[in-house]
Amino acid sequence: MGFRLGGLRVVLDFTFFAMLGVFFSLEGRGEETGHILAALLIHELGHLAAASAVRMPMERMTFSCFGIELVRKSGVPAAWWEEALVYLAGPAVNLLCAAGFLCCGQRFLRAGAVHLVLGVFQLLPVGALDGGCLAETVLEHFLGPKRAELWSTALSAAVLIPLFAAGWLLLKGEGRNFTLLVCCGFLMLSIWKK
């Protein structure tokens, strides 16, 4: 399912709707759901604004269970620093929003926390997260494609192994929280998908 937004083709994959269904069924309160969806939308608008600022023409934006993927028009080269700027823009917008919300007091604490968690999470140098794409772009510029892929995978593993350990400890702990473990599994899938 898709539509056009100006020159940009927006594609909504069925897995995106499945993920939303699971998310809404697990999430108890609508307030957090609204904050999360707003933070995700603002995050992607940050990417689009940066792409527009460096005049990087985008062909497609695909929403799936693995996130929202922006695809640049083929045959239109971009400098490595322009791609890096586009990858950084989404988390940067979330971190700026977090700072703004957190400065506004207790009433906006949840909204600020959502933006902060999303911004920091997306900066992790893992797989298809913005930090992973940023790391691969920079490494590719300095090391070449083959070595960049190897170093990028090693960097992802270096981040995921301690996160898996922390997720296991949380699962074994008193609260039996499995969220971090599931998140790590999801990140492993994103690396495999890539």
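Each value, and the rule that gives it
- Residues numbered from 1 in each chain as written.
- Predicted model: local features only at pLDDT ≥ 70, side-chain atom pairs only at ≥ 80, totals over all residues.
- Heavy atoms only, no water.
- Helix = DSSP H or I, 4+ residues; strand = E, 2+ residues; numbered from the N terminus.
- Rg over C-alpha atoms; globule rule 2.2 N^0.38 Å.
- Buried < 20%, exposed > 50% of the residue type's maximum accessible area, 1.4 Å probe, protein only.
- Contact = heavy atoms within 4.5 Å.
- Areas by Shrake-Rupley, 256 points an atom, 1.4 Å probe, with all protein chains shown as cover.
- Expected span 1.5 Å × (residues − 1).
- Phe/Tyr/Trp six-rings, centres within 6.5 Å; stacked < 30°, edge-to-face > 60°.
- Pairing = 2+ DSSP bridges.
- Core = buried A, V, L, I, M, F, W, Y, C linked by side-chain atoms within 4.5 Å.
- pLDDT = per-residue confidence, 0-100.
- Disulfide = S-S within 2.5 Å.

J.: Lay out the overall build of the protein chain with the relevant residues and their values.
T.: If you tally the helices and strands in the protein chain, you get seven helices and four strands. Counted from the first residue to the last, the protein chain has its helices and strands arranged as β-β-α-α-β-β-α-α-α-α-α. Compactness check: the protein chain gives a C-alpha radius of gyration of 17 Å against a globular reference of 16 Å for 194 residues, within 12% of the reference. Considered along the principal axes of its C-alpha atoms, the protein chain spans approximately 50 × 35 × 35 Å. Here the protein chain holds 194 residues, and 31% of them are scored as buried. Long-range contacts, defined here as pairs at least 24 residues apart, represent 57% of the contacts in the protein chain between residues at least 6 apart. Of the accessible surface of the protein chain, which amounts to about 11800 Å², a share of 70% is contributed by carbon and sulfur atoms.

J.: Lay out helix H5 (residues 130-143) with the relevant residues and their values.
T.: Across its 14 residues, H5 extends 19 Å between first and last C-alpha, which sits within 8% of the 20 Å expected from 1.5 Å per residue. The complete set of buried residues in H5 reads Asp130, Gly131, Gly132, Cys133, Leu134, Ala135 and Thr137. Looking one or two residues beyond H5, the residue adopting positive phi is Gly144, at roughly 95 degrees.

J.: Can you explain the packing of aromatic side chains? Please cite residues and give values.
T.: Under the counting rule described, the total for this entry stands at two aromatic pairs. With a centroid separation of 5.6 Å and an interplanar angle of 65 degrees, the aromatic rings of Trp80 and Phe142 are classed as edge-to-face. Residue Trp80 is found in helix H3 (residues 80-103), and its partner Phe142 is found in helix H5; the two are separated by 62 residues along the sequence. Seen in terms of ring centroids, Phe101 and Phe108 are 5.9 Å apart; in terms of plane orientation they differ by 25 degrees. Their pairing is stacked. The partly exposed category is assigned to Phe101, whose relative accessible area is 26%.

J.: Describe in detail the pairing of strand S1 (residues 2-5), supporting the description with residues and values.
T.: One ladder, built from four bridges, connects S1 with strand S2 (residues 8-12); its direction is antiparallel. Bridge assignment links Gly2 to a residue of S2, and that residue is Val11. Where S1 folds back onto S2 in an antiparallel hairpin, the turn is made up of two residues, including Gly6, whose phi is positive at roughly 70 degrees.

J.: Tell me about the nonpolar core, and name the residues and values.
T.: When a protein is soluble and globular, its nonpolar side chains tend to lie buried together. Core analysis: the largest hydrophobic core is formed by 14 residues, its most contacted members being Leu8, Val10, Ala51, Met56, Met58, Phe63 and Val86. Within the residue set of this core, elements represented by two or more residues are S2, helix H1 (14-26), helix H2 (30-53), strand S3 (58-64) and H3. Judged by nonpolar contacts, the second largest core, of six residues, contains Val126, Leu160, Cys184 and Leu187.

J.: Lay out the environment of Pro91 in plain terms, naming residues and giving numbers.
T.: Within the element layout of this structure, Pro91 appears in helix H3. C-alpha separation for the pair Pro91 and Gly46, spaced 45 residues apart in sequence, amounts to 8.0 Å. The residues contacting Pro91, other than those within four sequence positions of it, are His43, His47, Gly119, Gln122, Leu123 and Asp130.

J.: Before we move on, can you summarise the confidence of the model for the protein chain with the specific residues and values?
T.: Low-pLDDT stretches of the model should not have their predicted coordinates read in fine detail. Per-residue confidence for the protein chain gives a mean pLDDT of 84; residues scoring 70 or more make up 91%. Mean pLDDT in the protein chain bottoms out at strand S4 (residues 67-72), which sits at 71, and peaks at H3, which reaches 94.

J.: Could you give an account of the state of the cysteines, naming the residues involved and the relevant values?
T.: Enumeration over the complete set of coordinates arrives at zero disulfides. Free cysteine: Cys184, not disulfide-bonded; nearest cysteine sulfur from Cys183 at 6.3 Å.

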